[in-house]
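Each chain, written out:
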Amino acid sequence: MDVRLDKYLWAVRIFKTRSDAAEAVRNNKVTVNGSAAKPSREVKIGDQIAVKRLPAIFTYKVIDLVSSRQPAKNVPSYCIDITPQSELDKLVAPRETVFVFRERGAGRPTKKERRDLDSLMDGIFFDDGDDDE
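Throughout, residues of each chain are indexed from 1 in the direction in which the sequence is written. Only residues with pLDDT of 70 or above have their local features reported here, since the model is predicted, and side-chain atom pairs are shown and tallied only from 80 upward, although totals for entire chains, interfaces and linings are computed over all residues. With hydrogens and water excluded, all non-hydrogen atoms of the structure serve as input to the side-chain values.

**Structural notes on the nonpolar core**
Membership of the largest hydrophobic core comes to 26 residues, with the highest contact counts inside it found for Leu5, Tyr8, Leu9, Val12, Phe15, Val30 and Ile49. Note on conventions: DSSP H or I runs of at least 4 residues are helices, E runs of at least 2 residues are strands, and numbering of each starts at the N terminus. At the level of secondary structure, the elements contributing two or more residues to this core comprise α1 (5-11), α2 (18-26), β2 (30-32), β5 (48-53) and β6 (56-62). Residues contacting tyrosine 8, with those up to four places away along its chain left out, are Val3, Val43, Ile49, Val62, Ile63, Asp64, Leu65, Val66, Tyr78 and Cys79. To form a nonpolar core, buried Ala, Val, Leu, Ile, Met, Phe, Trp, Tyr and Cys residues must be joined to one another through side-chain atoms within 4.5 Å. For the exposure calls, accessible area comes from a 1.4 Å probe over protein chains only, and a residue counts as buried if that area is under 20% of its type's maximum, exposed if over 50%, partly exposed in between. Only heavy atoms enter the contact rule, under which two residues are in contact if any of them lie within 4.5 Å.

**Here's the deal with the sheet that holds strand β7 (residues 79-81)**
Pairing is antiparallel in the open sheet, where 5 strands are placed in the order β3-β2-β5-β6-β7. Each end of this open sheet is capped by a strand with a single partner; those strands are β3 (35-36) and β7. When DSSP finds at least two bridges between two strands, those strands are taken to pair.

**Looking at the pattern of salt bridges**
For this document, the term salt bridge refers to a Lys or Arg side-chain nitrogen within 4 Å of an Asp or Glu carboxyl oxygen. Summed over the entire model, instances satisfying the criterion amount to 6 salt bridges. Of the charged contacts in the structure, one is a salt bridge between aspartate 116 and lysine 112, with a shortest N-O distance of 3.2 Å. Taken together, the positions of aspartate 116 and lysine 112, both in helix α4 (residues 111-125) and 4 residues apart, correspond to about one turn of that helix. Note that aspartate 118 is salt-bridged to arginine 114, the shortest N-O span being 3.2 Å. Of this pair, aspartate 118 and arginine 114 both sit in helix α4, 4 residues apart, which is roughly one turn of the helix.

**Brief notes about the packing of aromatic side chains**
Classification of ring pairs rests on two measures: the distance between centres of Phe, Tyr or Trp rings, Trp counted by its six-membered ring, which must be within 6.5 Å, and the angle between planes, read as stacked under 30 degrees, edge-to-face over 60 and tilted in between. Using the criterion set out here, one finds 0 aromatic pairs in the structure. Geometrically, a charge over a ring is one whose NZ (Lys) or CZ (Arg) sits within 6 Å of the ring centre while staying within 35 degrees of the ring normal. Across from the ring centre of phenylalanine 15, 4.6 Å away, lies the NZ or CZ of arginine 53, which sits over that ring.

**Topic: α2**
The set of residues buried in α2 consists of Ala21, Ala22, Ala24 and Val25. Looking straight down α2, one finds its buried side chains confined to an arc of 160°; they lie on one side. Contacts from the buried residues of α2 go to α1 and β2. In the segment just after α2, asparagine 28 is the residue with positive phi, at about 60°. The arc in question is traced by the directions running from the helix axis to the C-beta atoms.

**Examining the pairing of β6**
Judged by how many residues are buried, β6 sits mostly within the fold: 5 of 7 residues are covered. Relative to β6, β5 runs antiparallel, the two sharing 6 bridges. By the bridge assignment, lysine 52 is partnered in β6 with isoleucine 57. Turn length for the β5-β6 hairpin, with the two strands adjacent in sequence and antiparallel, is 2 residues. As paired elements, β6 and β7 share 3 bridges and run antiparallel to each other. Each residue of the ladder has a partner; that of lysine 61, found in β7, is isoleucine 80.

**Let's talk about unusual backbone geometry**
In this chain, leucine 54 is followed by proline 55 through a cis amide linkage whose omega measures 5°. Examined against the element boundaries, proline 55 turns out to sit in the loop between β5 and β6. In this structure, arginine 13 is a non-glycine residue whose phi angle is positive, near 65°. With a relative accessible area of 41%, arginine 13 lands in the partly exposed category. Its identity is not glycine, yet asparagine 28 carries a phi of approximately 60°, on the positive side. Among the structural elements, asparagine 28 can be located in the loop between α2 and β2. A relative accessible area of 46% places asparagine 28 in the partly exposed class.

Below, the structure is given as structure tokens:
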């Protein structure tokens, strides 16, 4: 039995829709055995599929092939989650809290103050170390 990568990712509930799975594969968010793939790539037993979902990269091993969507309780018989603990720890990383003090009655921030606040927030919340672009 041959199963397309996008169909397999949808069937084992890694993605909610098949089109979401295909789009993620096209945007290089999914690798198979360490290399980029197309949505039409055939999945084989033993393949390792890595799915980039910020902030972590989830890794799955194909145990059996399936082409129809499965109930959540049946998924472990088709693939196992082999995501390293270091990646799972990224999900529970504490977020830094930023509090900017403004004088009471100072009113709304000026355009320059707003830009400074935005650049401060971008540096804290959107610095994921991803150098793909």
